[in-house]
Amino acid sequence: MKRVVFRLLLLAVLLVLAVFLGNAAAQGCEGIPFLSWLAWRIQFGWDPVTLDLYVMQLAFGAHINISVAETVLVLGAVLLGSQIKINV
């Protein structure tokens, strides 16, 4: 049981690091002509919808912005996380 929890925690940390490093790499590669393809982004999502109740207002919406560098690093993190052997 400890092994499964530790493995999931490790995978979560690797994925978060991959997203942050991928975003930083994409922003850094924007100005370099032969690496600018790493900064290509796709954006999708829903515009905010507001539910106006008398006492409060609720807003629901989501936007996702994914770059090539983030995708490559997330795939690498998943592959790395599946290859790591844990001895607990």
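The following refers to the structure shown. (Residues numbered from 1 in each chain as written. Predicted model: local features only at pLDDT ≥ 70, side-chain atom pairs only at ≥ 80, totals over all residues. Heavy atoms only, no water.)

Here we take up the overall build of the chain. What the chain contains, in helices and strands, is two helices and two strands. Ordering the α and β elements of the chain from the N terminus gives α-β-β-α. A compact globule built from 88 residues should have a C-alpha radius of gyration of about 12 Å, whereas the chain, at 18 Å, is more than 25% larger. By its C-alpha atoms, the chain is 55 × 45 × 15 Å across when sized along the principal axes. (Helix = DSSP H or I, 4+ residues; strand = E, 2+ residues; numbered from the N terminus. Rg over C-alpha atoms; globule rule 2.2 N^0.38 Å.)

Our focus in this paragraph is the environment of valine 55. As for its position among the elements, valine 55 is in the loop between strand E1 (41–52) and strand E2 (57–67). Considering only alpha carbons, one finds valine 55 and isoleucine 84, 29 residues apart in sequence, at a separation of 51 Å.

This part is about the side chain of serine 67. Relative to the helices and strands, serine 67 is located in strand E2. On the basis of relative accessibility, which here comes to 1%, the residue serine 67 falls in the buried class. In this structure, serine 67 is in contact with Gly22, Ala26, Leu38, Trp40 and Arg41, ignoring residues within four places of it in sequence. (Buried < 20%, exposed > 50% of the residue type's maximum accessible area, 1.4 Å probe, protein only. Contact = heavy atoms within 4.5 Å.)

Within the secondary structure, glycine 45 is located in strand E1. Sequence separation of glycine 45 and alanine 62 is 17 residues, and the distance between their C-alpha atoms is 5.3 Å. Those residues within four positions of glycine 45 in sequence are excluded, and the remaining contacts are Ala62 and His63.

Okay, the side chain of glutamate 70 next. Locating glutamate 70 in the fold gives a position in helix H2 (residues 68–83). Here the side chain of glutamate 70 touches serine 67 through a polar contact of 3.1 Å, landing on its backbone nitrogen. The contacts of glutamate 70, once residues within four sequence positions are left out, are Val19, Gly22, Asn23, Arg41 and Asn65. (Polar contact = N/O pair within 3.5 Å; in protein donor to acceptor, adjacent residues only side chain to side chain.)

For E1, a buried count of zero out of twelve residues is recorded, marking the element as mostly open to its surroundings. Between E1 and E2, which pair antiparallel one after the other, the connecting turn spans four residues. (Pairing = 2+ DSSP bridges.)

On to the nonpolar core, then. Core analysis: the largest hydrophobic core is formed by five residues, namely Ala26, Cys29, Leu38, Ala39 and Ala69. Residue contacts for cysteine 29: discarding those within four places in its chain leaves Leu35, Ser36 and Leu38. (Core = buried A, V, L, I, M, F, W, Y, C linked by side-chain atoms within 4.5 Å.)

Taken together, the side chains of Leu51, Leu53, Tyr54, Val55, Met56, Leu58 and Phe60 make up a nonpolar region of the molecular surface, amounting to roughly 800 Å² of accessible area. Mapping methionine 56 onto the fold places it in the loop between E1 and E2. (Patch = residues over 30% accessible without salt bridge, like charges linked within 9 Å, V, L, I, M, F, W, Y side chains within 5 Å. Areas by Shrake-Rupley, 256 points an atom, 1.4 Å probe, with all protein chains shown as cover. Salt bridge = Lys/Arg side-chain N within 4 Å of Asp/Glu carboxyl O.)

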